[in-house]
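One letter stands for each residue in the lines below.
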Amino acid sequence: MGNEQPSNPQDDYKAKETKPQLGERWPHGGFRGGGGWISSDRVISTYDLVEQMHFLYVRVVKARDLPPNPVTGSCDPYVEVKLGNYKGKTKHFDKKVNPEWKQVFAFSKEKIQSSIIEVFVRDKEMVQRDDYLGKVVFDMNEVPTRVPPDSPLAPQWYRLADRRGESKVRGEVMLAVWMGTQADEAFSEAWHADAALVHGEGVHSVRSKVYVSPKLWYLRVNIIEAQDVESMDKTQPPQVFVKAQVGKQVLKTILCQTRTTNPFWNEDLLFVAAEPFEEQLVLTVECKAGPSKDEIAGRLVLPLNTFEKRLDHRAVHSRWFNLERFGFGVLEGDRRHELKFSTRIHLRSCLEGGYHVLDESTMYISDQRPTARQLWKKPVGILEVGILTAQGLVPMKPKDGRKTTDAYCVAKYGLKWVRTRTILDSLSPKWNEQYTWEVYDPCTVITLGVFDNGHLGGNDNSAPGKDSRIGKVRIRLSTLETDRIYTMSYPLLVLQPSGVKKMGDLQLAFRFTCLSLANIIYLYGHPLLPKMHYLHPFTVNQVDSLRYQAMNIVAVRLGRAEPPLHKEVVEYMLDVDSHMWSMRRSKANFFRIVSLFSGVISMSKWLGDVCKWKNPITTILVHLLFCILICYPELILPTMFLYMFLIGIWNYRSRLRQPPHMDTKLSWAEAVISDELDEEFDTFPTSKPENTVKMRYDRLRSVAGRIQTVIGDMATQGERFQALLSWRDPRATSLFIVFCLIAAVILYVTPFKIIALVAALVYLRHPRFRSKMPSPPCNFFRRLPARADSML
């Protein structure tokens, strides 16, 4: 990939363009014996965004007519494939002379150090050494090459030979041996030689896999009212509330303020549910029996698949449900349904298909489609990503007395998650795997994370640990040019308690292909989320709570796959802790706001210099321009738009040619002090000693006090505007309305050109005609009353 080390250490944190050799080559020297890349005459490869890697594949299908052991009279066969120092073994079968394995072994061509491949068939012995049944030997020079889209190589029966290979013995094995690339269908399920040390359950976690996020729904439960609620205390009517639970999500209605046996709420409770629906909605009607004591009056359990699914905001029919009486023992459980008189509850419930269930921040959203597939539009583009290599990774864990890293990469876009295979014991792993996503909106973000596999077993720690974070990359699709192949090296930056640290570089190749430019242009005028989010929006607290629940559900469901995508990986990819307080983030956001106003500030400084006649020529030119616009006011708007057009054309030359990456300066990660970092990495609730918490609390009060003052000042200015006509200060309001009357008369009788010209000349007057004292309008405004004096 060869990119030179940057001379400036700060450049080490920036993304750089690389020039890898992408695409497929013909196995024996280019197109038709030539020495270069494949010709354009050939169909475009689906693996054109990765560097080609060659593997020797050995498919072991089955065996027949194997000789039984003369002592036991049975055969427990398995196959061992040996290539130099690498050995791969199939599972063994008990007492089976015609076993079927259907297993593929892959050996990287770069690591092959032998000219022959040996396939041994052995009989598993429990006590002594495994018995030798026979072998088949292949010459590496005679192995055929398969180039997809060719059909898979047909396996053949081979007679077994003795140890010396001089004579044939009893038994045959069906094999296929060929040379292929990572584009081969057998690649993902193959046993790889570089993972030979992994055994047991860890074997599954080293293979590349594709995962799909569960289909999420919002469940809306409108609890309207209940009837005939009885409490233990018969002397007075009950004070009632309803508790609803779906899985681990628990919500309560407000306590009905009036004591009655027929309480009324009409309150919406919102949950997140995932298909297939495994949880149930459990409702309990509870009566307030004391300050900290509640008693259950009835219970209702409803399967989620019984609820109506709606795609818009049409009305849903409400239903009455009879509650089960609560408090019977196990032996009397059947009597609950025998009661003719029971408490009833009135519900209006549905599964919302018109919303997009947010499981990630809208800042980094990768999918905005509604839940119901009927509402999906056609894709507008294709995103292809080649995950090439990582360079200079930091050792993450001890292994055999030294430190190493077993790295894999996860990419998440839309509902599709991909996970590359784990490259063991390497600080410069080469994956060269390519994946494709359909794009429904270009204003979305793909997230890629690199992790160290902690579930392999065989480490110094006996128990498997968590998968450690190495770094993350985000790419916003709207910043990409269409049909251009980007080959980038992204630094993996992680903020640690010691400060920002570079964990290595991730090298990617990606391309965004536009399917319909008209549809993309059409999307830019439409809202990012489905229309239900705007017609019937959720509150801020509901959005935060529902997103947290959706993240948990996604993490649990992906953790149940085989191999699992572990919770710590899913949470890191979804930025589960992005809402936590951080002094560093607060500073960064403050300076982001300041930078937004930098243009306005520089413009005001320039106007101030014009008014002070620091450059007389510029001031005179401004006077002339203003006089022209006053004489021809119809030129004002066209001139403004022409000016913006020319600025846009001028800025085209300095546009960014690469998608943006993590900015340590923007994140305020370089200037942050150690105590603030320690606070950011503290647990919630805090685990720090009392003195540290006290100091941080005092500091937070100080910062929050300054923020409070600024917000109060902004509110004061707004209230002074309101006070102009609210008669809170009768004399000030009298003066202002008299001024408005005089101004209206003057503006009616005087042409607007004259008014604008006089105002501009007064504003641009020479400094010798200026006073250092505030102007009368400013003095008048500052004297207006605000509501601050009414605050306690």
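Sequence order as written defines residue numbering, which begins from 1 separately in each chain. Given that this is a predicted model, residues contribute local features only at a pLDDT of at least 70 and side-chain atom pairs are listed and counted only at 80 or more, while totals for whole chains, interfaces and linings are drawn from all residues. Excluded from the side-chain calculation are hydrogens and water; included are all heavy atoms of the structure.

Going by what an unreviewed UniProt entry lists, the protein chain is known as C2 domain-containing protein and is assigned to Anisodus tanguticus. What the UniProt record of the protein chain gives under Sequence similarities (unreviewed entry) is the line "Belongs to the MCTP family." UniProt positions are given in the numbering used here, feature names are shortened, and annotations may be inferred rather than shown by experiment.

Novice: Just to check I follow, could you spell out the overall build of the protein chain for this structure?
Specialist: If you tally the helices and strands in the protein chain, you get 13 helices and 30 strands. Values of the radius of gyration come from C-alpha atoms, whereas the globule rule sets the reference at 2.2 Å times the count of residues to the power 0.38. The C-alpha atoms of the protein chain give a radius of gyration of 36 Å, which is well past the 28 Å a tight globule of 792 residues would have. Every one of the 792 residues in the protein chain was classed for burial, and the buried ones make up 42%. Contacts in the protein chain between residues far apart in sequence, at least 24 positions, make up 70% of those at least 6 positions apart. Reported accessibility uses the Shrake-Rupley method at a 1.4 Å probe radius. Residues are deemed covered only where the shown protein chains occlude them. Carbon together with sulfur atoms contributes 58% to the accessible area of the protein chain, which is approximately 45,400 Å² in total. Only DSSP runs of H or I with at least four residues qualify as helices, and only runs of E with at least two residues qualify as strands; both kinds are numbered from the N terminus onward. Relative accessibility thresholds used throughout: buried, under 20% of the residue-type maximum; exposed, over 50%; partly exposed, between the two (1.4 Å probe, protein chains only). It only takes one pair of heavy atoms within 4.5 Å for two residues to be counted as in contact.

Novice: What is the right way to look at the environment of A588 in this model?
Specialist: Examined against the element boundaries, A588 turns out to sit in helix α5 (residues 583-596). Judged by its relative accessible area of 8%, A588 falls in the buried class. If we skip the residues at most four places from it in the chain, A588 touches L666, S667 and W668.

Novice: How should the packing of aromatic side chains be read in this particular structure?
Specialist: Each aromatic ring pair is described using two quantities: the centre-to-centre distance and the angle formed by the ring planes. Paired rings are identified among Phe, Tyr and Trp, the last through its six-membered ring, by centres lying within 6.5 Å, and are further divided according to the angle between planes into stacked (under 30 degrees), edge-to-face (over 60) and tilted (the rest). Applying the stated criterion to the full structure yields 17 aromatic pairs. For the ring pair Y57 and W178, a centre distance of 5.3 Å and an interplane angle of 20° mean the geometry is stacked. With a gap of 121 residues between them, Y57 in strand β2 (residues 54-64) and W178 in strand β9 (residues 168-181) connect regions that are remote in the sequence. The class of Y57 is buried, set by a relative accessible area of 0%. In this analysis the charged atom, NZ for Lys or CZ for Arg, is taken to sit over a ring once it is within 6 Å of the ring centre and within 35 degrees of the ring normal. A cation sits over an aromatic face here: R64 above W157, 3.9 Å from the ring centre. Above the plane of the ring of Y572 lies K472, whose end atom (NZ or CZ) is 4.2 Å from the centre.

Novice: Hey, could you run me through the sheet that holds strand β24 (residues 407-413) in this one?
Specialist: Strand pairs in the sheet, formed through backbone hydrogen bonds, run parallel or antiparallel to each other. Paired strands, in this sense, are two strands between which DSSP finds at least two bridges. Reading across from one edge, β11-β25-β24-β27-β28 is the order of the 5 strands in this open sheet, with antiparallel pairing throughout. The outermost strands of the open sheet, each flanked by one partner alone, are β11 (209-212) and β28 (468-476). For this sheet the average axis-to-axis angle between neighbouring strands, irrespective of direction, equals 20°. Bridging between β24 and strand β27 (residues 445-452) involves 6 bridges; their strand directions are antiparallel. Within the sheet, the bridge partner assigned to V410 lies in β27 and is G449. The axes are straight lines fitted to the C-alpha atoms, using for helices just the contacting stretch, and the angles between their N-to-C directions are given from 0 to 180°.

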